[in-house]
Amino acid sequence: MHIDLGPDEHKNPDLVKAYEIPLNKGIPALAVAEADGKLVVSQKNGEFEDARALTPEVLAEFLNKWKPQ
């Protein structure tokens, strides 16, 4: 789901906190959650700072690490 997090830190601060999105590492940011909203993983080191240049394969590889077995 796409959610506008910024760059204004006043946009959806509850989601930024709940999903541990490090806005200082840049956006877009990515978090993986369970169906009930429980956080599975959040990028913490700006892994997707250059998301505009990512290929679909790189993104799929990241997401496949966290999909249910």
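Check the entry above for the structure.
Cut-offs and rules
- Residues numbered from 1 in each chain as written.
- Predicted model: local features only at pLDDT ≥ 70, side-chain atom pairs only at ≥ 80, totals over all residues.
- Heavy atoms only, no water.
- Helix = DSSP H or I, 4+ residues; strand = E, 2+ residues; numbered from the N terminus.
- Rg over C-alpha atoms; globule rule 2.2 N^0.38 Å.
- Buried < 20%, exposed > 50% of the residue type's maximum accessible area, 1.4 Å probe, protein only.
- Contact = heavy atoms within 4.5 Å.
- Pairing = 2+ DSSP bridges.
- Salt bridge = Lys/Arg side-chain N within 4 Å of Asp/Glu carboxyl O.

(A) Region of the structure containing the overall build of the protein chain. Each helix and strand counted, the protein chain has two helices and two strands in total. The N-to-C order of helical and strand elements in the protein chain reads α-β-β-α. Compactness check: the protein chain gives a C-alpha radius of gyration of 12 Å against a globular reference of 11 Å for 69 residues, within 12% of the reference. Along the longest, intermediate and shortest principal axes, the C-alpha atoms of the protein chain span 35 × 30 × 20 Å. Across the 69 residues of the protein chain, 20% fall into the buried class. Residue pairs in contact within the protein chain that sit at least 24 positions apart in sequence constitute 17% of those at least 6 positions apart.

(B) Main features of unusual backbone geometry. Here N12, not a glycine, exhibits a phi torsion of approximately 50 degrees, which is positive. As for its placement among the helices and strands, N12 is situated in the segment before α1 (13-18). Given the relative accessible area of 31%, N12 is considered partly exposed. Its identity is not glycine, yet E20 carries a phi of approximately 50 degrees, on the positive side.

(C) Geometry of the pairing of strand β2 (residues 39-42). Relative to β2, strand β1 (residues 31-33) is paired through three bridges, and the arrangement is antiparallel. Opposite A31, over in β2, you have S42 as the bridge partner. Between β1 and β2, which follow one another and run antiparallel, lie five residues, and G37 among them has a positive phi close to 95 degrees.

(D) Expanded view of the side chain of Q43. Position of Q43 among the secondary structure elements: in the loop between β2 and α2 (56-66). The buried category is assigned to Q43, whose relative accessible area is 1%.

(E) Main features of the pattern of salt bridges. Enumeration according to the criterion identifies one salt bridge in this entry. Between K11 and D4 there is a salt bridge, with the nearest N and O atoms lying 3.0 Å from each other. For K11, a relative accessible area of 34% puts it in the partly exposed group. Looking at D4, the relative accessible area reads 35%, which means it is partly exposed.

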